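The primary structure of each chain is shown beneath.
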Amino acid sequence: MGAVIVTGIPGVGKTTVMDAAAKSMGVPVVVFGSIMFEAASAAGLVKSRDDMRKLPPERQKEIQRVAATRIAVLGDVVVDTHCSIKTPAGYLPGLPAWVLEELQPTAIVLVEADAADILHRRQADATRKRDEDTLAAIVEHQEYNRRFAAACATLTGATVHTIQNREGAVEDAVRQMAPVFPRRPASPTPGIKGAR
Ligand code: AP5
């Protein structure tokens with residue numbers, strides 16, 4: 001299948017959709033943010049995954065490079081990550097050239113949702129320290145993600161497939177993703193590395 005990258009802005013539901021996809025389609029999923037968090041917390045840099053995007057951009061890029069190298073050795077996996085990270089210094093590319101060279105993606109799946117739904121999902125998720133964005137800021141971030149995804153596709157030749165994660169319709173989002181994955185038997189113990 002080659003490596004497949006699944007991206008979407010925080011709270012869009014990409015991890016929820018990929019958990020469901022892992023169960024129904026047996027695809028192996030790695031959460032890039034979890035691998036980064038392992039490296040950053042081991043180095044004493046952060047206490048939570050939400051602290052990482054507040055680090056200086058150069059430090060984020062160092063950890064990003066470490067995570068990409070660790071994931072590259074896993075072979076063809078689905079990587080749950082970000083095209084762009086909203087930092088205090090501006091949008092940081094989640095998939096700069098050195099990450100793409102490691103991952104060699106064949107497809108990029110953009111998970112999108114209605115901005116109001118994303119805002120509501122963030123507000124309802126008490127487990128995280130989410131940024132307080134306006135609806136306009138969420139719309140802008142989704143738009144930036146499309147631009148970053150197009151740049152990644154141009155560099156790698158990967159296809160870009162957009163799916164909608166509508167409220168209460170995770171299984172429908174999984175079905176929209178199916179064309180990206182070849183048929184494979186459902187696995188009772190799908191390999192999700194870094195699941196939260
Ligand atoms: P990461 O772990 O990816 O965190 P995140 O993007 O903040 O992920 P979230 O959990 O916030 O969002 P999600 O879209 O997965 O939504 P979820 O499924 O939880 O990354 C952590 C950090 O790592 C980043 O902030 C960044 O600093 C760093 N990082 C990662 N990749 C990087 C890279 N390449 N380069 C540099 N840094 C990187 O769902 C949210 C809520 O919505 C849940 O409560 C869920 O139940 C609900 N929900 C989901 N779908 C639906 C639905 N259809 N209907 C109703 N509710 C729904």
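Every value quoted in this text rests on a predicted model; they were computed, and no experiment measured them.

Asker: Lay out the pairing of strand β5 (residues 90-93) in plain terms, naming residues and giving numbers.
Answerer: Each regular strand shows side chains that alternate between the opposite faces of the sheet. The pairing of strand β4 (residues 84-87) with β5 spans four bridges and is classified as antiparallel. The residue bridging Lys86 from the neighbouring strand is Tyr91, located in β5. The hairpin formed by β4 and β5 contains two residues between the paired strands.

Asker: Summarise the pairing of strand β1 (residues 3-7); cite the residues concerned and give the values.
Answerer: A large share of β1 lies buried, amounting to five of its five residues. In β1, alternate side chains face the same way, and those of Ala3, Ile5 and Thr7 on one face and Val4 and Val6 on the other are all buried. As paired elements, β1 and strand β6 (residues 105-112) share five bridges and run parallel to each other. Looking at β6, one finds that Val4 is bridged to Ala107. Both β1 and strand β3 (residues 78-81) contribute to a ladder of four bridges, which runs parallel. Directly across from Val6, in β3, lies its bridge partner Asp80.

Asker: How would you sum up the nonpolar core? Please name residues and give values.
Answerer: If you look at the biggest cluster of nonpolar residues, it comprises 27 residues, and the most contacted ones within it are Ile5, Phe32, Ile71, Val79, Leu95 and Leu103. Those elements that provide at least two residues to this core are α2 (32-42), α3 (57-72), α4 (97-103), β6 and α6 (135-156). The dominant element in this core, judged by the number of residues it contributes, is α2, at five residues. For Phe32, the contacting residues outside a window of four places in its chain are Gln64, Ala67, Ala68, Ile71, Val79, Asp80, Thr81 and Val99.

Asker: Report on the state of the cysteines, specifying residues and quantitative values.
Answerer: The final tally for this structure, using the stated rule, is zero disulfides. Residue Cys83 stays outside any disulfide, its sulfur separated by 5.1 Å from that of Cys152, the closest cysteine. The class for Cys83 is buried, based on a relative accessible area of 1%.

Asker: Mind laying out the packing of helix α1 (residues 14-25) against helix α7 (residues 170-177), listing which residues take part and the relevant values?
Answerer: α7 packs onto α1 with a crossing angle of 65° between their chain directions and a minimal axis gap of 9 Å. Comparing their axes, α7 and α1 come out roughly perpendicular. In the packing of α1 onto α7, the handedness of the crossing is right-handed. Contacts from Thr16, Val17, Met18, Ala20, Ala21, Ser24 and Met25 in α1 reach Val170, Glu171, Ala173, Val174 and Met177 in α7.

Asker: I'd like a description of the environment of Pro179, backed by residues and values.
Answerer: Considering the arrangement of structural elements, one finds Pro179 in the loop between α7 and β8 (192-193). Residue classification places Pro179 among the exposed positions, given a relative accessible area of 64%. Taking C-alpha positions, Pro179 is 9.0 Å from His161, a pair spaced 18 residues apart along the chain.

Asker: Describe the packing of aromatic side chains, listing the residues and the values that go with them.
Answerer: With the rule as written, the count across this model stands at two aromatic pairs. A centroid spacing of 6.4 Å and a plane angle of 40° characterise the contact between Tyr144 and Phe148, whose relative ring orientation is tilted. Residue Tyr144 and its partner Phe148 are located together in helix α6, separated by four residues, close to a single helical turn. Judged by relative accessible area, Tyr144 falls into the partly exposed class, the value being 29%. Three or more aromatic residues link up through ring pairs in this structure, and these residues are Tyr91, Tyr144 and Phe148. For the cation-ring pair, Arg147 lies above Tyr144, with the distance from its terminal atom to the ring centre recorded as 4.9 Å.

Cut-offs and rules
- Residues numbered from 1 in each chain as written.
- Predicted model: local features only at pLDDT ≥ 70, side-chain atom pairs only at ≥ 80, totals over all residues.
- Heavy atoms only, no water.
- Pairing = 2+ DSSP bridges.
- Helix = DSSP H or I, 4+ residues; strand = E, 2+ residues; numbered from the N terminus.
- Buried < 20%, exposed > 50% of the residue type's maximum accessible area, 1.4 Å probe, protein only.
- Core = buried A, V, L, I, M, F, W, Y, C linked by side-chain atoms within 4.5 Å.
- Contact = heavy atoms within 4.5 Å.
- Disulfide = S-S within 2.5 Å.
- Axes fitted to C-alpha atoms, helices over the stretch in contact; angles between N-to-C directions.
- Parallel < 35°, antiparallel > 145°, perpendicular 65-115°, else oblique.
- Left-handed = near helix turned anticlockwise from the far one by under 90°.
- Phe/Tyr/Trp six-rings, centres within 6.5 Å; stacked < 30°, edge-to-face > 60°.
- Lys NZ or Arg CZ within 6 Å of the ring centre and 35° of its normal.

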